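Residues per chain are reported as follows:
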Amino acid sequence: MSQYQVSIKETNNHTIIKFEVNTFITQHQSFEFNNIDDAKNSPLAQQLFYLPFVKKVYISGNFIAVERYNIVEWKDVQEEVAQQIEAFLNNGGVVVEEDAKPKKVPVTVYAESTPNPATMKFVANKKLVTTSYEFTSIDEAIVSPLASELFHFPFVKAVFFDENYVSITKYDMADWNDITMEIREFIRSYIEQGKEILKPDAQQVLKKTTEQLDESFEALDDTSKEIVNILEEYVKPAVASDGGNIQFESYNPDSKVVKVILQGACSGCPSSTFTLKSGIENMLKEMLQGKISTVEAING
């Protein structure tokens, strides 16, 4: 089974297409190549420049953005390019050689309060992970060098990653006014140095690969699939903006009880019970009439 999967994402610029990979291909560094000579330190970019319509290649995080000349339309060639990139990666091709100089993009991190007074959200201007991860101890964080480092701060109780932010839950011993600047600068410096956020096998170990997630979803009954889809579409974007996540755990068709796991800022949040009952439970009852009696958080 292929380790790398490439999906096609349109951009606001009709000449540029993003080819998004299901895992990171650079250490949070960005590289820009304007021609094949420019790309001497990137075998992947060099291969792409052999395509006559490729004007510019930009590699960053978990994607390759390609700008085309007007001799073709993307709809005619994008599938072929995606397959070529996927084959290159799965055949062990080198994306960027170690001595390549990344394009200097300043890393910024800002702190954002959440509805949970014990949790602060630290938002970066770079994508950090491709899916969400939560660690509640340094033992759990063995697959994440960044989370492990954060647990060395005595006041850090839990670490939650999603897309471009880190939510940190603290112990009561510390006050955010005293520690926010220190954590923000630590995270910013860590990312800027191109250090590893997650180990390469983290997705596999934590069963977060695309294949594992698809397999887990397909094993669910029809009602559970509907619940997962509703949570993904209507609930997760809202709670993510608050630095948290709600993960489906189980559905009992006899008792009609849905069990979920609260993560990040949602875990231990004073308003989470209200959100769970007045928001999520009511939504599921309305959208899946007769199938839902209650929603419970197993860690709430």
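Residues numbered from 1 in each chain as written. Predicted model: local features only at pLDDT ≥ 70, side-chain atom pairs only at ≥ 80, totals over all residues. Heavy atoms only, no water.

Trainee: Would you mind showing me how to read the overall build of the protein here?
Mentor: Along the protein, the regular secondary structure elements total eight helices and 13 strands. In terms of C-alpha radius of gyration, the protein reaches 21 Å, essentially the compact-globule figure of 19 Å for 300 residues. Across its three principal axes, the protein shows a C-alpha extent of roughly 60 × 50 × 30 Å. Here the analysis covers contacts within the protein between residues at least 6 apart in sequence; of these, 60% occur between residues at least 24 apart. Total accessible area on the protein is roughly 15600 Å²; 48% of this is exposed by carbon and sulfur atoms. The distance from the centre of the 28 positive side-chain charges to the centre of the 44 negative ones in the protein is 3 Å. (Helix = DSSP H or I, 4+ residues; strand = E, 2+ residues; numbered from the N terminus. Rg over C-alpha atoms; globule rule 2.2 N^0.38 Å. Contact = heavy atoms within 4.5 Å. Areas by Shrake-Rupley, 256 points an atom, 1.4 Å probe, with all protein chains shown as cover. Lys, Arg positive; Asp, Glu negative; His and termini not counted. Charge placed at Lys NZ, Arg CZ, Asp CG, Glu CD.)

Trainee: Sorry if this is basic, but what is going on with helix α7 (residues 222-241) here?
Mentor: At 3.6 residues per turn, the α-helix brings residues three or four places apart onto the same side. Spanning 20 residues, α7 covers 29 Å between terminal C-alpha atoms, matching the ideal 28 Å at 1.5 Å per step. Of all the bends in α7, the largest measures some 50° and sits at valine 235, one to four residues before the proline proline 237. Within α7 the residues assigned to the buried category are Thr223, Ser224, Lys225, Ile227, Val228, Ile230, Leu231, Val235, Lys236, Val239 and Ala240. Where α7 begins, the capping side chain belongs to aspartate 221, and its oxygen is found 3.1 Å from the backbone nitrogen of threonine 223. (Expected span 1.5 Å × (residues − 1). Bend = angle between axes of the 7 residues up to and from the residue. Buried < 20%, exposed > 50% of the residue type's maximum accessible area, 1.4 Å probe, protein only. Polar contact = N/O pair within 3.5 Å; in protein donor to acceptor, adjacent residues only side chain to side chain.)

Trainee: Would you mind showing me how to read the confidence of the model for the protein here?
Mentor: The predicted coordinates of low-pLDDT regions are not to be read in fine detail. For the protein, per-residue confidence averages 89 on the pLDDT scale, and residues scoring 70 or more make up 97% of the total. The secondary structure element of the protein with the lowest average pLDDT is helix α5 (residues 202-205), at 80, and the one with the highest is helix α3 (residues 145-150), at 96. (pLDDT = per-residue confidence, 0-100.)

Trainee: How do you make sense of the nonpolar core when you look at a structure like this?
Mentor: As a rule of thumb, nonpolar side chains are buried together in soluble globular proteins. With 32 residues, the main nonpolar core has Phe135, Leu150, Phe161, Ile168, Ile183 and Ile187 as its most contacted residues. Counting only elements with at least two residues in this core, the list comes to β7 (119-124), β8 (133-135), α3, β9 (156-162), β10 (165-170) and α4 (176-192). Here this core takes six residues from α4, the largest share from any one element. Ignoring any residue separated from it by four or fewer positions in sequence, one finds isoleucine 168 in contact with Ala118, Thr119, Met120, Phe122, Leu150, Val156, Ala158, Trp176, Ile183 and Ile187. (Core = buried A, V, L, I, M, F, W, Y, C linked by side-chain atoms within 4.5 Å.)

Trainee: Is there a simple way to explain the environment of lysine 207 in this structure?
Mentor: Along the polypeptide, lysine 207 turns up in the loop between α5 and α6 (210-218). With relative accessibility at 59%, the residue lysine 207 sits in the exposed group.

Trainee: What's the story with the packing of aromatic side chains in this structure? I'm lost.
Mentor: One pass over the full model with this rule turns up 11 aromatic pairs. An angle of 40° between the planes, with centres 6.1 Å apart, marks the rings of phenylalanine 186 and tyrosine 190 as tilted. Here tyrosine 190 and phenylalanine 186 lie together in helix α4, a separation of four residues that amounts to about one turn. Looking at phenylalanine 186, the relative accessible area reads 23%, which means it is partly exposed. Tyrosine 190 sits in the buried class, given a relative accessible area of 5%. Through a chain of ring-to-ring contacts, three or more aromatic side chains come together here, namely Phe153, Phe155, Phe186 and Tyr190. Above the ring of phenylalanine 63, the side-chain terminus of lysine 18 is found at 4.3 Å from the ring centroid. Here the basic side chain of lysine 121 rests over the ring of tyrosine 165, its NZ or CZ set 4.5 Å away from the ring centre. (Phe/Tyr/Trp six-rings, centres within 6.5 Å; stacked < 30°, edge-to-face > 60°. Lys NZ or Arg CZ within 6 Å of the ring centre and 35° of its normal.)

Trainee: What exactly am I supposed to notice about the side chain of threonine 131 here?
Mentor: By the element assignment, threonine 131 lies in the loop between β7 and β8. Judged by relative accessible area, which is 18%, threonine 131 ranks as buried. When near neighbours in sequence (up to four residues on either side) are disregarded, threonine 131 contacts Phe161, Asp162, Gln203 and Lys208.

Trainee: Looking at this structure, I do not really get the pattern of salt bridges. What am I missing?
Mentor: Counting across every chain of the model gives 12 salt bridges. Across the salt bridge formed by lysine 75 and aspartate 76, the nearest N and O atoms sit 3.6 Å from each other. Considered together, lysine 75 and aspartate 76 belong to a single accessibility category, that of exposed residues. Put simply, lysine 236 and glutamate 232 hold a salt bridge, and the shortest N to O gap is 3.0 Å. Of this pair, lysine 236 and glutamate 232 are both found in helix α7, four residues apart, which corresponds to roughly one turn of the helix. When salt bridges with common partners are traced through the structure, they connect Glu185, Arg188 and Glu192 into a single cluster. (Salt bridge = Lys/Arg side-chain N within 4 Å of Asp/Glu carboxyl O.)

Trainee: It is not clear to me how the sheet that holds strand β2 (residues 16-21) should be interpreted in this structure. Could you clarify?
Mentor: Two orientations exist for strands paired in a sheet by backbone hydrogen bonds: parallel and antiparallel. Taken together, five strands build an open sheet; the order of strands is β1-β2-β5-β4-β3 and the sheet is antiparallel. A strand with exactly one partner marks an edge of an open sheet, and here the two such strands are β1 (6-10) and β3 (30-33). Across the sheet, the mean angle separating the axes of adjacent strands is 20° when strand polarity is ignored. Relative to β2, β1 is paired through five bridges, and the arrangement is antiparallel. The partner of serine 7 across the bridge, within β2, is glutamate 20. (Pairing = 2+ DSSP bridges. Axes fitted to C-alpha atoms, helices over the stretch in contact; angles between N-to-C directions.)

Trainee: Mind showing me how you'd approach the sheet that holds strand β13 (residues 294-297) here?
Mentor: What the three strands build is an open sheet, ordered β11-β12-β13; its pairing is mixed. Here the strands that pair on one side only, and so sit at the sheet edges, are β11 (244-252) and β13. Going from strand to strand, the sheet's axes swing by 30° on average, the running direction of each strand aside. Direction of pairing for strand β12 (residues 257-264) relative to β13: parallel, over a ladder of four bridges. Looking at the pairing, valine 260 lines up with alanine 297 of β13. Relative to β11, α7 is tilted by about 165°, and along the sheet it contacts β11 and β12. On the sheet, helix α8 (residues 272-287) packs against β11, β12 and β13 and is oriented at approximately 145° with respect to β13.

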